[in-house]
Structures are given as C-alpha cells and as structure tokens.
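The residues making up each chain are set out below.
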Amino acid sequence: MGMIEDVGAYLDSNSTRWAAGPSLFYNFLPEEPARAASIIETGGVAPARAFGSTGPSWERGRVQVACRSTSSATARGDIDAAFVLLEAVQNQTLTSNVFLRISAVQSPFLMERDPRGRPVFACNFDVWRVR
C-alpha cells in the first residue's frame, strides 16, 4: 500500500468519524458529501539511508489531512481528532508498513472556505516510513 492508503486505513480503523470512500478520500476532496476528509500526499524530503545500505532505508514523506463540513466547529473537531490520532503514531505497523513516526508540521489551521462557503481545516504531517 502507499503512504496515504496506510494513513487512511489507520484513521478509518481508529475513529468512527471517517470511512474510506464515503467520507475519507485519497488525493482529492470531492464536492460532496458536505462533511468529508482527504489525505493528500505532498512533497517531503529525501529518503534516509542507513550506513552501508544500497538503497533508502526509510522514506520521509509528507501528507496533508483536510477536513470540511458545513459547520466550522465540526470541521475543526474532525481535524483535531486526526491530529491527535496521527501524532500518536510511533514505531508501529499500519497495514503492512512500519511507521517510525508521524509528526505534525504545525497545529491544525483554517485552510480555506470552499466555493460553497464551507470551512476546510487542514494539518500537514511529516511521515517516516520504513522501506
């Protein structure tokens, strides 16, 4: 699985707020449903190599989680829940890959209001995943 699928499966299985497909989307945020979340893979930094390795030992990617709702309080509550869940990931297997750490780059923030005026809150995360 890819990084966003692993992170998405973790959010899906550890909260009742999201379900992959109906309310949690990978690499896009569709117009509907009104209350939805997306995980988008963004640019991270170069992979790290262990001494003597022939290839990268772990990836250092980045993902953005965005949560939208018709209510600012609901969207904020959803991104805060994702923030708490993902910040807790440390040295654990998500689906089939070992994640050394998922760390927020900043606190959740109001990213935008979509064309319909619905608030979208987001947070970026650095992701260290073993290759």
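What counts, and where the lines are drawn
- Residues numbered from 1 in each chain as written.
- Predicted model: local features only at pLDDT ≥ 70, side-chain atom pairs only at ≥ 80, totals over all residues.
- Heavy atoms only, no water.
- Helix = DSSP H or I, 4+ residues; strand = E, 2+ residues; numbered from the N terminus.
- Buried < 20%, exposed > 50% of the residue type's maximum accessible area, 1.4 Å probe, protein only.
- Contact = heavy atoms within 4.5 Å.
- Pairing = 2+ DSSP bridges.
- Salt bridge = Lys/Arg side-chain N within 4 Å of Asp/Glu carboxyl O.
- Axes fitted to C-alpha atoms, helices over the stretch in contact; angles between N-to-C directions.
- Parallel < 35°, antiparallel > 145°, perpendicular 65-115°, else oblique.
- Left-handed = near helix turned anticlockwise from the far one by under 90°.
- Polar contact = N/O pair within 3.5 Å; in protein donor to acceptor, adjacent residues only side chain to side chain.

A. Representation of the overall build of the protein within the structure. If you tally the helices and strands in the protein, you get two helices and seven strands. Taken over the C-alpha atoms alone, the protein extends approximately 55 × 25 × 20 Å along its principal axes. By residue count, 42% of the 131 residues in the protein fall in the buried class. Look at the contacts in the protein between residues 6 or more apart in sequence, and 57% of them connect residues 24 or more apart.

B. Spotlight on the pairing of strand β4 (residues 90-94). Pairing of β4 with strand β5 (residues 97-104) involves four bridges; the strand directions are antiparallel. Paired with L94 across the two strands is N97, which belongs to β5. Connecting β4 to the next strand, β5, in antiparallel fashion are two residues, including T95 with a positive phi near 55 degrees.

C. Quick look at the pattern of salt bridges. One pass over the structure, following the stated rule, counts 14 salt bridges. A salt bridge links E32 to R118; the nearest nitrogen and oxygen atoms lie 3.7 Å apart. Taken together, the residues span a long stretch of sequence, with E32 in the loop between β1 (24-26) and β2 (36-48) and R118 in the loop between β6 (109-113) and β7 (119-130) at a distance of 86 residues. A residue is classified by how much of its surface remains accessible, and E32, at 43% relative accessible area, is partly exposed. R101 is the partner of E87 in a salt bridge, and the nearest nitrogen-oxygen pair spans 3.5 Å. Pair noted here: E87 is in helix α2 (residues 72-87) and R101 is in strand β5, with a separation of 14 residues, a long-range link. For R101, a relative accessible area of 24% gives the class partly exposed.

D. Layout of the packing of helix α1 (residues 3-14) against α2. Contact geometry of α1 with α2 gives a least axis separation of 11 Å together with a crossing angle of 110 degrees. Here α1 is positioned roughly perpendicular relative to α2, judged by the angle of their axes. Crossing geometry of α1 relative to α2 is assigned as right-handed. Judged by residue contacts, V7, Y10, L11 and N14 of α1 engage A82, L85 and L86 from α2.

E. The arrangement of the side chain of D78 in detail. Relative to the elements of secondary structure, D78 occurs in helix α2. Looking at D78, its side chain comes within polar contact range of the side chain of R35, at 2.7 Å. Ignoring sequence-local partners within four residues, the contact set of D78 consists of R17, W18, R35 and C67.

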